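Observations on the model geometry
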Amino acid sequence: QVQLVESGGGLVQAGGSLRLSCIASGRPFSNYAMGWFRQAPGKEREFVAGINWSGGATYYKDSVKGRFTISRDNAKSTVHLQMNSLVPEDTAVYYCAADRTTIPATPNGVDFWGQGTQVTVSS
């Protein structure tokens, strides 16, 4: 089992920034590819960003490319999502995700989820 705990969400004005963090416990963190997903009210959970076990490969949803950056620190068992130039459409609950085999690109492939952290962007 892997336990994931997110933090860093909040209310921010459009154009602002937030940094989400996810700390993992349980199995060795470096065994897992990690990802961030989000779910807005009335919508399905969607992929936002992913990173492989070493941090050498990253992937992003098209609409966040150039604005969001995912990174990880295996020594601290943490993964971060730096979000800049936020827009109201980024408003959602953001979830940290761990996958034992590959960067999680869909919710179906995720092995472990965090509890989520709310991000609200006001216009």
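Each remark here, short or long, concerns the structure printed above.
Cut-off values and rules
- Residues numbered from 1 in each chain as written.
- Predicted model: local features only at pLDDT ≥ 70, side-chain atom pairs only at ≥ 80, totals over all residues.
- Heavy atoms only, no water.
- Salt bridge = Lys/Arg side-chain N within 4 Å of Asp/Glu carboxyl O.
- Helix = DSSP H or I, 4+ residues; strand = E, 2+ residues; numbered from the N terminus.
- Phe/Tyr/Trp six-rings, centres within 6.5 Å; stacked < 30°, edge-to-face > 60°.
- Buried < 20%, exposed > 50% of the residue type's maximum accessible area, 1.4 Å probe, protein only.
- Pairing = 2+ DSSP bridges.

1. Details of the pattern of salt bridges
- Throughout the structure, instances matching the rule amount to six salt bridges.
- For Asp-111, the salt bridge identified is with Arg-100, shortest N-O distance 3.1 Å. With a gap of eleven residues between them, Asp-111 in the loop between strand S9 (92–99) and strand S10 (112–113) and Arg-100 in the loop between S9 and S10 connect regions that are remote in the sequence.

2. As for the packing of aromatic side chains
- Going through the model one piece at a time under the given rule, you end up with four aromatic pairs.
- When the ring of Tyr-32 is compared with that of Phe-112, the centres are 6.0 Å apart and the planes differ by 70°; the resulting orientation is edge-to-face. One end of the pair, Tyr-32, is in the loop between strand S3 (18–26) and strand S4 (33–39); the other, Phe-112, is in strand S10, and 80 residues separate them in sequence.
- By relative accessible area, Phe-112 is classed as buried at 12%.
- When the centroid spacing of 5.1 Å and the interplanar angle of 75° are considered together, the rings of Phe-37 and Trp-113 count as edge-to-face.

3. Notes on unusual backbone geometry
- Even without glycine at this site, Ser-77 takes up a positive phi of about 55°.
- Along the polypeptide, Ser-77 turns up in the loop between strand S7 (68–73) and strand S8 (78–83).
- With a phi angle near 50°, Ser-85 is a residue other than glycine that sits in the positive phi range.
- As for its placement among the helices and strands, Ser-85 is situated in the loop between S8 and S9.
- The class for Ser-85 is partly exposed, based on a relative accessible area of 41%.

4. Comments concerning the pairing of strand S11 (residues 117–122)
- Alternating positions in S11 separate cleanly, Thr-117, Val-119 and Val-121 being buried on one face and Gln-118, Thr-120 and Ser-122 remaining unburied on the opposite face.
- Bridge count for strand S2 (residues 10–13) against S11 is four bridges, and the pairing is parallel. Across the sheet, Val-12 pairs through a bridge with Val-121, a residue of S11.
- By the bridge criterion, three bridges tie S9 to S11 in an arrangement that is antiparallel. Among the inter-strand pairings, Val-93 is bridged to a residue of S11, identified as Gln-118.

Structural measurements only, silent on function.
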